[in-house]
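Here is how the chains run, residue by residue.
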Amino acid sequence: MTGPAIISSYVLGFEEKGPEPRKENNERENIESGTTEQKGPDLNSWLPVTASREAKWWYSTFHNVTAMVGAGVLGLPYAMSQLGWIPGVLGIFLSWMITFYTLWQLVELHEVEPGRRFDRYPELGQYALGEKLGYWIIMPQQLLVQVASDIVYVVTGGKSLKKFAQLLIPGLSHIRQTYFILFFVALQFLLSQTPNFNSLKAVSFVAALMSFCYSMVAFVSSISKGLHHHPTSYGVRSHTTPGIIFNALSGIGTIAFSYAGHSVVLEIQATIPSSPQNPSKKPMWKGVVLAYIIVIICYMSVAVSGFWAFGDLVEDDVLISLEKPRWTIAIANLMVFFHVIGSFQVYAMPVFDKIESYLVTKRNFTPGKNLRLVARSGYVAFVGIVGICVPFFGGLLGFFGGLVFASTSYFIPCIIWLVVQKPKRWSFHWFASWISIFVGVSIALLSPIGGARQIFISAKTYKAFS
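Now for a description of the structure that goes with this document. What you see is a predicted model, and the numbers here were worked out from it, not measured in a lab.

Reading the values: rules and limits
- Residues numbered from 1 in each chain as written.
- Predicted model: local features only at pLDDT ≥ 70, side-chain atom pairs only at ≥ 80, totals over all residues.
- Heavy atoms only, no water.
- Helix = DSSP H or I, 4+ residues; strand = E, 2+ residues; numbered from the N terminus.
- Buried < 20%, exposed > 50% of the residue type's maximum accessible area, 1.4 Å probe, protein only.
- Contact = heavy atoms within 4.5 Å.
- Areas by Shrake-Rupley, 256 points an atom, 1.4 Å probe, with all protein chains shown as cover.
- Axes fitted to C-alpha atoms, helices over the stretch in contact; angles between N-to-C directions.
- Parallel < 35°, antiparallel > 145°, perpendicular 65-115°, else oblique.
- Left-handed = near helix turned anticlockwise from the far one by under 90°.
- Nonpolar A, V, L, I, M, F, W, Y, C, P; charged D, E, K, R; others polar.
- Expected span 1.5 Å × (residues − 1).
- Arc of directions from axis to C-beta.
- Core = buried A, V, L, I, M, F, W, Y, C linked by side-chain atoms within 4.5 Å.
- Phe/Tyr/Trp six-rings, centres within 6.5 Å; stacked < 30°, edge-to-face > 60°.
- Lys NZ or Arg CZ within 6 Å of the ring centre and 35° of its normal.
- Salt bridge = Lys/Arg side-chain N within 4 Å of Asp/Glu carboxyl O.

### Some words on the overall build of the protein
Scanning the protein from N- to C-terminus turns up 16 helices and four strands. Counting the 466 residues in the protein, one finds 58% classified as buried. Excluding contacts between residues fewer than 6 apart, the proportion of contacts in the protein whose partners are at least 24 apart in sequence is 83%. For the protein, the computed accessible surface area is about 18,900 Å², with 69% contributed by carbon and sulfur atoms.

### A few points about the packing of helix α7 (residues 177-191) against helix α14 (residues 369-389)
Direction vectors running N to C along α7 and α14 enclose 165°, while the axes themselves pass 10 Å from each other. Put simply, α7 runs roughly antiparallel to α14. Crossing of α7 over α14 shows right-handed handedness. In this structure, α7 contributes Thr178, Ile181, Leu182, Val185, Gln188 and Phe189 to the contact, and α14 contributes Ser377, Val380, Ala381, Gly384, Gly387 and Ile388. Residue composition of the contact of α7 with α14, by class: seven nonpolar, five polar and no charged.

### So, α7
With 15 residues, α7 extends 22 Å between its outermost C-alpha atoms, agreeing within 8% with the 21 Å of an ideal straight helix rising 1.5 Å per residue. The set of residues buried in α7 consists of Gln177, Thr178, Phe180, Ile181, Phe184, Val185 and Gln188. Around the axis of α7, the buried residues are gathered within 160° of arc, so they sit on the same side. Where α7 is buried, its residues touch α6 (131-168), α13 (326-361) and α14.

### With respect to the nonpolar core
Ranked by size, the top nonpolar core spans 108 residues in total, and within it Val73, Ile92, Tyr259, Tyr299, Phe344, Tyr379 and Ile416 carry the most contacts. Listed in part, the seven residues of the second largest apolar core include Leu47, Val360, Leu371 and Ala375.

### With respect to the packing of aromatic side chains
What the rule picks out here adds up to 24 aromatic pairs. Ring centres of Trp96 and Tyr292 lie 5.9 Å apart, and the angle between their planes is 45°; this geometry places the pair in the tilted category. A residue pair is termed long-range when its members are at least 10 positions apart, and Trp96 in helix α4 (residues 85-109) and Tyr292 in helix α11 (residues 281-310) qualify at 196 residues. The class of Tyr292 is buried, set by a relative accessible area of 0%. Ring pairing ties together the aromatic residues Trp57, Trp58, Tyr59, Phe62 and Phe205, which thus form one cluster. The residue whose ring lies beneath Lys286 is Trp57, and the NZ or CZ to ring-centre distance is 4.6 Å.

### A look at the environment of Ala270
As for its placement among the helices and strands, Ala270 is situated in the loop between α10 (262-269) and α11. A residue is classified by how much of its surface remains accessible, and Ala270, at 0% relative accessible area, is buried. Placed 14 residues apart in sequence, Ala270 and Met284 show a C-alpha to C-alpha distance of 9.6 Å. Excluding its chain neighbours within four sequence positions, the residues that come into contact with Ala270 are Val49, Thr50, Ser52, Arg53, His110, Arg117 and Asp119.

### A short note on helix α8 (residues 201-228)
Given a rise of 1.5 Å per residue, 28 residues ought to cover 40 Å, and the 41 Å separating the end C-alpha atoms of α8 matches this to within 8%. For α8, every residue scored as buried is listed here: Ser204, Ala207, Ala208, Met210, Ser211, Tyr214, Ser215, Val217, Ala218, Ser221, Ser222 and Gly226.

### Brief notes about the side chain of Ser263
Counting through the fold element by element, Ser263 comes out in helix α10. Here Ser263 is in contact with Tyr121, Gln142, Val145, Gln146 and Tyr347, once residues within four sequence places are set aside.

### Let's talk about the packing of α13 against α14
Interaxial distance between α13 and α14 falls to 10 Å at its minimum, and their mutual angle equals 130°. The angle between the axes of α13 and α14 places the two elements in the oblique class. The two elements α13 and α14 cross, and the hand of that crossing is right-handed. Of the residues in α14, those touching α13 at Phe344, Ala348, Met349, Val351, Phe352, Ile355, Glu356, Leu359 and Val360 are Leu371, Arg372, Ala375, Arg376, Tyr379, Val380 and Val383. Considering only residue class, the contact of α13 with α14 consists of 13 nonpolar, no polar and three charged.

### Digging into the pattern of salt bridges
Summed over all chains, the structure comprises eight salt bridges. Here Arg53 and Asp119 are joined by a salt bridge, their closest N and O atoms 2.8 Å apart. Taken as a pair, Arg53 in the loop between β4 (35-37) and α2 (57-68) and Asp119 in the loop between α4 and α5 (121-129) lie far apart in primary sequence, 66 residues in all. Here Glu113 makes a salt bridge to Arg116, at a shortest N to O gap of 3.5 Å. Each of Arg53, Arg117 and Asp119 takes part in salt bridges that share partners, so that together they form one network.

Following this line, the structure appears as structure tokens:
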């Protein structure tokens, strides 16, 4: 067996002969060199995603809010300026509807086979599409979503902290953004040692609360700004045909980025207890519904008010456009900083799970604090370096949003649903799944073009480590 197949086999409980139903106590077999042998305690009880299954339904709410209402919401007014009023509002609302549906699919599929839980996205892919094909289709895309999100959060954290410092103490404006990013990364080194996903509940709660608060600050401040000063134009940003097309593609990618929580939803559900009488999908869905209500309130209020207040001159982070009242915008930027601290960890925890599983099962490392210290610190350092070198907020949202976020949130859940549940042709779920697949594939193919163009334009005036 190949390395990735060994890892995925271990995580899923597969032997060479095929899948074996999960036992209630989650006992695992260690697979090395194509043979199986019992080796030590259950690895699942140590890995960060599955170590604790004591989450309540409301944990699902703030984990999902933290995963979605982050850097993306601040870029929505900018996306509106790239698309225009009607396409922008329709894009946000239709994306909300489609991803709400595909999130429901993932929640239902978590325990689609009785007595077995698909705690990780690649596990579900392997069940539906085959051990090797499912793993290699899902894992790279999910990993790229999580790493890309963390890169954007590093940039967002540094920019927000710098803006906070500049507003309160103008004399600090000469300090490079790099130093603020480094401070953010230093905090992540500490938080990365949190043992498991469920242990993040307090951090995630604060992050979700901050996201709602700064969204409302941006909304109220934009309304106040718009009442006193209306922009001269509500048209799109570019005035040339190629520019309009490329900007529209980037705007679509930015909207797709805003619905990236699907890449961690199965891992969130894995922290909720489950039994035949009370399957995890019931409390999970209850939390998701509340989270999605909060999401659409934040998204629509920030997107519409920001574009209404600034028109096509709005910045790619709407809080940068808002200068007064100074203390209010400073606090909002500080809220963003605290929010992305939690968001970073929500997306990083499944990555830690993959890294630690690989090191233990393939490289024979011993599970423990030393392994976590080295592995997690290495990941945080890597993401921090990339964030410092490529701090193009708007372009990153558009590029990554279309490249992989569309697949994990818009159409992969539908493909798995069609394969596993086999809905009747022309039934609601058959029709809804195919519409989502068409929309998602279109976004994945087209929007990275606009995001890449925006990154190239930003790079012309960028100074390294500025």
